[in-house]
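# Fold and geometry: a report
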Amino acid sequence: MYLPRQLISHLYLQLLRSHHPLSPPVLILVALEPDALCACRILTALLKRDYIPHKIQPVAGYGDLSRAGEELVRPMQTTNGGSGGVVVCLGVGGLVDLGEILALSNPEDEVEDMGGVEIWVFDARRPWNLGNVFGGLAGMGQPMAEIDANARRRGRGVDKGCITSAYTSKNGGIIVYDDGDIEEELRNEREAYYALLEMPEVDDDDDDDASDDGSEDEMQTGSKKRKSWSGREDDEDSEGDEPPHQRRRSNSGSSIASTPTRRKKSGINSSNSSRSATPTTDSPSPAEAKQPSARSLKKRLINLKRRHDSVLQSYYSSGTSYSEPISSLIYSLASELGRDDNDLLWLAIVGVSSLELSGRTMTGVGISNTSESGGSAGWGGQRGEHIRQILRDEVHRLNPPDPLESNRDIRGEINGVIPTTARSPTDTSIRLSPEPRFLLVRHWSLYESMLHSPYLAPRLHVWTENGRKRLHKLLAKMGISLTQCHQYYTHMDMELKRVLRSRLLKYAPMYGLDGLVPSEGSSSASAREGWGFVRCWGWKACLSATDVGVIVGAMLEVGPHETLASWDSKRLPRARDDTENSGITGESDLASLLPRFWSAYDALSLTSESPTILLEALPLAQHLHRAILRTGTSLLSKHQIRHLRAFRIAVVKDGPDVKLFTNPGALTKLALWIAEAIRVQEKERGDSVKIGRKRAAGTPLVLAGLDEDRDLYVVVGTGGGGGVVDFAAMSKRQEERKKKKELKEKKQKERSERRSKRAAERAEREEETGAEDEDSEESESSSESESEDEEDPREKKHLLRNRFGIAFQEVVQETNARVRIDSFEHCVVEVQKDDLGGFLEALSFRSVVG
């Protein structure tokens, strides 16, 4: 089921009304990423204000999620002696069947029973698991005609998976919080999903070889064997040896759910089935009186099934992407409840700002062409900028200017001076700031901040001697001496800080740095596109939202500050994945990640201690980004990046920082740095890499980091940065689709008239001849409709999304490589050291951007 955006507070208000002192605590499962941490902070603040007890459980991957289901969620069920309750998934489980991985439903049961456990899912990853979105309720796994009266009563307030205001939380279920995508973009998928649920099961393997003698029996009983979306048959023998979450992702071929299935039922009536699935025609009454043959009925069902399958297959195989950050979505919940304040707004801003730092764009994990536009633009194109503009409006609403200080503030904003101090000892307000795309500029020297900038460094080629000279020339043209720029930014000459933005706007375009700082734009305070956010805690600290995102990310990826020198020695081996192809063994590493999670969680505290913890963790962030610069420089200068058929490949297996990049988050940031450098080089050479019929300014990159302690490689695949929406082209395609639709309707009308004439002629023929003509007509009409339907998926593919997760699955299924796929980020895998060569060779023949 899914909860529409306009009813976002509906379930929370029901929880508030039904809560009492004996109610079980709300269980919150949180992914180890900054956006999920910020969302967790906002949600727990709401729960605390309403005196609702809650428990937080960090989750590192699918293995930990499955264990949390067995140890924490399953005992909550009323069928297992519990009293029900609410489980909130933050950045967790949106791509898999949560009922299965959390062990809430038994596939052998005829009627699903969640045992009073209600699961709320907040996840920015796409594509959704459609079983969670349109199913997730008791009785939803059965054909509509066979749901009993009790199940219908339990499903009251749900319209084809969409929760209405009449819904009440009583029997549990899986509820996905819609940020608007489901209502606006998944209408075709919704219709196809429910059409498949209503269809009787039919085996289409022997469609061409089916005979009239056996077709009648097949229609009566239905086939017990279904095909997955990838088109291959499920291996029932090997499937039983796999854990639920791995089995679900393997069968899909795209790390998503497989075909919507029904519980075992006997005695499916073929006449009822055909009546619900067969399209009506305009045949005359003599033809209507004649019953179609069983073979013709079966062909019609198979064609309908294939048509609906193709809709869902197109959705699942398009690749991964990111939608609205969950911290922004939960802030919307707080705003709807009237609980919004500066603290919660700041957490939402940090969560939104953290997405670009980790490369989470509208086309999956990768670089984005929208990063050229300056400021904090990046992850979501126009939609992302729209969300940031809403946050800017919220800043002005919750932080009105002080009449006594307004003149000075306005002068500072007009001049574009980066704020580095608070207005007063008690100032905790949030302000807009024309943030340059430097790294930790308030806490580093200007030179170091520019040198380690993920935006500036690749464009100046700072890994070469000439690149460093270009940086020195840029500083010299701006009139900033090397002595000044090597001082801490807060200690620089005040006059230089006042003119820094104007000089960057003047000289940066000479070096291809057009988006280094936000443009002048409008003078209106509510329309400062590209401007960032800054918050002060009196005289204690002044931090930008990007600074906080960088620090919190480093705390999760490197570890607590007290273990900076020996953080890697405390790592524990990871959980064993008992899949058919996995030879990677070990136990859960959640114990080693817990100190990192709670340190980052405390750093986002709403108390006055928060900036102290963040400032103490600054060396972590600086250490990580120095290592990224060193390692990236080494790989580029030594030409250790190879160009394979579909992507580039680099391996980090030696050097002082090799152990640092065994963490997927740190490895991803290094991959993004290198990918940006490669894209800039290709752009400067005028190269354009052709991917199928698309052309993308950039090549996908696969980066592998050696973990010697566990004798494996951590592998991450990033997109090449070609996936920007061309809104002009989209409007043109919409006009073309409209014309094609009108033409299609005209052709359908003509075909309907021809079918009427042929039907009248067939009524006069003998029964055998009639059956053959009927079959030929059905195959003709279905082939025409299928050829027309095939045009839509190609038109919709205006985004080049990251398909590494799907490609990894395909390679695992077809090779003997020992691979472990456990991360929520499906473009991250672990490969046994000896199998890396064969794994990459097989991967090079796959489509990694779609």
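Our subject is the structure listed above.
On a predicted model such as this, the values are computed, not experimentally measured, just so you know.

## Here we look at the sheet that holds strand S16 (residues 642-643)
Neighbouring strands of a sheet are bound in pairs by backbone hydrogen bonds; such pairs are parallel or else antiparallel. Strand order in the open sheet formed by 6 strands is S16-S17-S20-S21-S23-S22, and the pairing between neighbours is mixed. A strand with exactly one partner marks an edge of an open sheet, and here the two such strands are S16 and strand S22 (819-820). Lying over the sheet, helix H32 (residues 804-814) contacts strand S20 (701-707), strand S21 (712-718), S22 and strand S23 (828-832), oriented at roughly 135° with respect to S21.

## Focus: helix H33 (residues 836-843)
Buried within H33 we find Leu 836, Phe 839, Leu 840, Ala 842 and Leu 843. With its buried residues spanning 160° around the axis, H33 presents them on a single face. Looking at the packing, one finds that the buried side of H33 touches strand S17 (648-652), S20, S21, H32, S22 and S23.

## Focus: the nonpolar core
Formed by 209 residues in total, the largest nonpolar core has its most connected members in Leu 90 and Leu 843. When neighbours within four sequence positions are excluded, Leu 90 is seen to be in contact with Ile 28, Leu 29, Val 30, Ala 31, Ala 36, Ala 39, Cys 40, Leu 43, Phe 122, Ile 326 and Ile 330.

## Points about the sheet that holds strand S15 (residues 542-544)
Strand order in this open sheet of 3 strands is S13-S14-S15, and the pairing throughout is antiparallel. At either end of the open sheet lies a strand with only one pairing partner, and these are strand S13 (430-433) and S15. For this sheet, the mean inter-axis angle between neighbouring strands, taken without regard to orientation, is 30°. The sheet contact formed by S13 and strand S14 (residues 532-536) spans 4 bridges and is antiparallel. Paired with Ser 433 across the bridge in S14 is Gly 532. Sitting on the sheet, helix H16 (residues 342-357) touches S13, S14 and S15, and the angle it makes with S14 is about 135°. Strand contacts of helix H24 (residues 545-557): S14 and S15, with the helix running at about 85° to S15, the strand carrying the most contacts.

## Examining the packing of H16 against H24
Two numbers describe how H16 lies on H24: the axes approach to 8 Å, and their chain directions differ by 65°. As judged from the angle between their axes, H16 and H24 are roughly perpendicular. Pair H16 / H24 crosses with right-handed handedness. The segment H16 lies against H24, with Trp 346, Ile 349, Val 350, Ser 353 and Leu 357 engaging Ala 545, Thr 546, Val 548, Gly 549 and Val 550. When its residues are assigned to classes, the contact of H16 with H24 shows 7 nonpolar, 3 polar and no charged.

## Some words on the packing of aromatic side chains
Scanning the entire structure with this criterion turns up 16 aromatic pairs. An angle of 65° between the planes, with centres 6.2 Å apart, marks the rings of Phe 647 and Phe 804 as edge-to-face. Here Phe 647 is found in the loop between S16 and S17, whereas its partner Phe 804 is found in helix H32, with 157 residues between them in sequence. Comparing Phe 647 with Phe 804, the two get one shared label, buried. One aromatic cluster is present, formed by Tyr 2, Phe 134, Tyr 193 and Tyr 194 through successive ring pairs. The residue whose ring lies beneath Arg 41 is Tyr 601, and the NZ or CZ to ring-centre distance is 3.8 Å. Cation over ring: Lys 497 sits above Tyr 489, and NZ or CZ is 5.6 Å from the ring centre.

## Side note on the side chain of Gln 14
You can see Gln 14 is positioned in helix H1 (residues 10-18). Excluding residues within four positions of it along the chain, Gln 14 makes contact with Tyr 167, Thr 168 and Ser 169.

## So, the pattern of salt bridges
Across all of its chains, the model carries 33 salt bridges by this definition. Measuring nitrogen to oxygen at the nearest pair gives 3.1 Å for the salt bridge that ties Arg 126 to Asp 179. You can see Arg 126 sitting in strand S6 (residues 125-126) and its partner Asp 179 sitting in the loop between strand S9 (173-177) and helix H7 (181-185), a full 53 residues away along the chain. On the basis of relative accessibility, which here comes to 7%, the residue Asp 179 falls in the buried class. Here the residues in one salt-bridge network are Glu 33, Asp 123, Arg 125, Arg 360 and Glu 825, joined through shared partners.

## Details of the pairing of strand S2 (residues 26-31)
With 6 of 6 residues buried, S2 is to be regarded as a mostly interior element. Covered by surrounding structure in S2 are Val 26, Ile 28 and Val 30 together with Leu 27, Leu 29 and Ala 31, the residues of both alternating faces. Judged from the 6 bridges that link them, S2 and strand S3 (residues 54-59) form a sheet pairing that is parallel. The residue bridging Leu 27 from the neighbouring strand is Lys 55, located in S3.

## Considering unusual backbone geometry
At the junction of Arg 126 and Pro 127, the peptide bond is cis and its omega measures out at 10° in the coordinates. Following the sequence through the fold, Pro 127 ends up in the loop between S6 and helix H5 (130-134). Positive phi, close to 55°, is recorded for Tyr 51, a residue that is not glycine. Mapping Tyr 51 onto the fold places it in the loop between helix H2 (34-49) and S3. Residue Tyr 51 is classed as exposed on the basis of its relative accessible area of 72%.

Parameters at a glance
- Residues numbered from 1 in each chain as written.
- Predicted model: local features only at pLDDT ≥ 70, side-chain atom pairs only at ≥ 80, totals over all residues.
- Heavy atoms only, no water.
- Pairing = 2+ DSSP bridges.
- Helix = DSSP H or I, 4+ residues; strand = E, 2+ residues; numbered from the N terminus.
- Contact = heavy atoms within 4.5 Å.
- Axes fitted to C-alpha atoms, helices over the stretch in contact; angles between N-to-C directions.
- Buried < 20%, exposed > 50% of the residue type's maximum accessible area, 1.4 Å probe, protein only.
- Arc of directions from axis to C-beta.
- Core = buried A, V, L, I, M, F, W, Y, C linked by side-chain atoms within 4.5 Å.
- Parallel < 35°, antiparallel > 145°, perpendicular 65-115°, else oblique.
- Left-handed = near helix turned anticlockwise from the far one by under 90°.
- Nonpolar A, V, L, I, M, F, W, Y, C, P; charged D, E, K, R; others polar.
- Phe/Tyr/Trp six-rings, centres within 6.5 Å; stacked < 30°, edge-to-face > 60°.
- Lys NZ or Arg CZ within 6 Å of the ring centre and 35° of its normal.
- Salt bridge = Lys/Arg side-chain N within 4 Å of Asp/Glu carboxyl O.

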